[in-house]
Amino acid sequence: MPEDAAAILLGVPAAPGVFALRGERAEDEPYIVRGADLRRRLRRLLAPPEEVDEAGRPVLSKRLNLRERVRWIEWTRTGSEFESGLVLYGAMREAFGAEAARKKLRLHTPYFLRVTMGHEHPRVYTTNKLGRRAMDETFGPFPSRAAAERYCDAVLDLFKLRRCYEDLQPYPEHPGCAYGEMKMCLEPCKVACSAEEYAAEAGRVFAFFRTRGESMLSSLAADREAASEAMDFEGAAALHKQWERVKAAASLADELVRPVAELRVLVLQEASKLASQQVSGSVGGQAAAGDGSEAAVFLLEHGRIVGPERLSTLGVRAVREQTAVGSSLFAQPLMLAAVVEGSGSRAQGPGEHGAAVSPEDRAREVLERLAALADKAGEAEIAERCDTLSLLRRWYYRPEKQRAGEVFLPNADGAWPLRRVLNGAARVVLGAPGEMQAVDREAAKGLKTKVIHAGREGVERVVAVLPKRKRSRKAVVPGDLVG
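Novice: Can you break down the sheet that holds strand β11 (residues 304–312) residue by residue, with the values?
Specialist: Strands sit in the order β11-β10-β8-β14 across an open sheet of 4 strands; the sheet is antiparallel. Whereas interior strands pair on both sides, the edge strands pair on one side only; in this sheet they are β11 and β14 (406–408). The average undirected angle you get between the axes of adjacent strands in this sheet is 25 degrees. Examined bridge by bridge, strand β10 (residues 294–301) and β11 share 7 bridges and lie antiparallel to one another.

Novice: Would you mind going over the pairing of strand β5 (residues 124–127) in detail, with residue names and values included?
Specialist: Burial along β5 is two-sided: the face carrying Val124 and Thr126 and the face carrying Tyr125 and Thr127 are both buried. Looking at chain direction, strand β4 (residues 111–115) and β5 are connected through 4 bridges and run antiparallel. Bridge pairing in β5 links Phe112 to Thr127.

Novice: Give a detailed account of the nonpolar core, specifying residues and quantitative values.
Specialist: Leu113, Val124, Tyr151, Phe208 and Phe209 are the most contacted members of the largest nonpolar core, which totals 32 residues. Contacts of Phe209, omitting those with residues within four sequence positions, involve Leu113, Val115, Val124, Phe139, Tyr151 and Val155.

Novice: Can you lay out the pairing of strand β8 (residues 265–270) for me, pointing to particular residues and giving the numbers?
Specialist: Two faces belong to every sheet, and in a regular strand the side chains alternate between them. With respect to burial, β8 is a largely interior element, 5 of its 6 residues being buried. Where β8 meets β10, 6 bridges bridge the pair, whose relative direction is antiparallel. Opposite Leu266, over in β10, you have Leu299 as the bridge partner. In this sheet, β14 lies alongside β8 in antiparallel orientation, the contact comprising 3 bridges. When the bridges of β14 are listed, Val267 appears paired with Val407.

Novice: Outline the side chain of Thr388, supporting the account with residue identities and numerical values.
Specialist: Within the secondary structure layout, Thr388 lies in helix α11 (residues 382–396). In this structure Thr388 comes out as buried when scored by relative accessible area, which is 6%. Each residue touching Thr388, except ones within four places of it in the same chain, is listed here: Leu300, Gly303, Arg304 and Ile305.

Novice: Report on the state of the cysteines, specifying residues and quantitative values.
Specialist: Taken as a whole, this structure holds 0 disulfides when the rule is applied. The cysteine Cys189 is free of any disulfide, with Cys177 supplying the nearest cysteine sulfur at 6.2 Å. On the basis of relative accessible area, Cys189 is assigned to the buried category, the value being 9%.

Criteria and thresholds
Residues numbered from 1 in each chain as written. Predicted model: local features only at pLDDT ≥ 70, side-chain atom pairs only at ≥ 80, totals over all residues. Heavy atoms only, no water. Pairing = 2+ DSSP bridges. Helix = DSSP H or I, 4+ residues; strand = E, 2+ residues; numbered from the N terminus. Axes fitted to C-alpha atoms, helices over the stretch in contact; angles between N-to-C directions. Buried < 20%, exposed > 50% of the residue type's maximum accessible area, 1.4 Å probe, protein only. Core = buried A, V, L, I, M, F, W, Y, C linked by side-chain atoms within 4.5 Å. Contact = heavy atoms within 4.5 Å. Disulfide = S-S within 2.5 Å.

Everything listed here is a matter of geometry and, on its own, says nothing about what the molecule does.
Written as structure tokens, this is what we have:
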């Protein structure tokens, strides 16, 4: 009943989450929205009207009030805005359908770069449409179309691939284009090159996009070193200048820009204050509070985001990768903190004979569970993949100060950087580590000198009280120094 709204809302947590308001009839569309504080947001929607007329009827107001229409409340508690966005998308997709959810959330497919390697005369172009057959030769996502075109133009300036959009019918009398006149194209339209030469150039362009420039940078670096060893300093300087140009072009693409079919991303967020298993339910549901030492882990694989899985940071503390003294010898990306016996160090999967599991093993188990979930879900449809990439792009390409959480990409061999993941989880749970106190080396040297000098004085005093005889080291014992 509306009169019991205040008492009912006491069972809703004052925490981030997603809720749905439903009416009496099953065919009525639910009102689904997310909020940073579920209880406060529901009170605004279900509170009594602020003004009433003489008959006691509410006065019309621009403020939305659903007090008289809601008969059922469902909610899901989340730990971050990123998780709320995923839950909201899933709820709207289930309630309204994929197309309606896409429109309500204003999801737009990101822009990509596609290299048409299957064409007789391959080219590169910007697109926001994905095809299942072309995902291996499509790279992205980019934050905008302008960013994709800027990167494409910078890369094509390094090669001589065609930039025209026509379906070529090569013949010697073809008029060509400006890029051919500037010798920036092999001019396949005029049959100025063989099919093998153009295919080789297209392969080099494809390798550049696939490795984000490393295929060309490594070759130039090797040639530069060889020129330096041969005392050809002018040639080495020219190669270094070309290397810098290639590096500038490669830097226009973010680390996230990869082949769409192989895109795998690990996202760490703050976990909700619930039990180890995420719970969703109606008003009045009971949920145990988490211990606050866990991070929520999400995995993007096969075109969909699975999770969250909780990663415990017990026994882990984050430190800065560079200490105040400015030496990398003392840098540790991960440090272990002392764990009190019986404090739950075995909560995340005990090993054999009850042995405590190391942080790396816990992280490895979490990633294996997420990979199993992704494999079980299978390959996502093109529409769902586009929506997932749109949600990821919306979060990832925010200014770094506004983007909460951590993101990690796999290494070159496909393995995840476990120690970096644990360090990121510690930052998510504990916050960024503070500045380390500067070390005063001169003061430390002075203290050491005083200690040594005091020790020597102590030895002399002890020796002085000994009887006059041949001094030996056996007469000076630790007990005498303490005394």
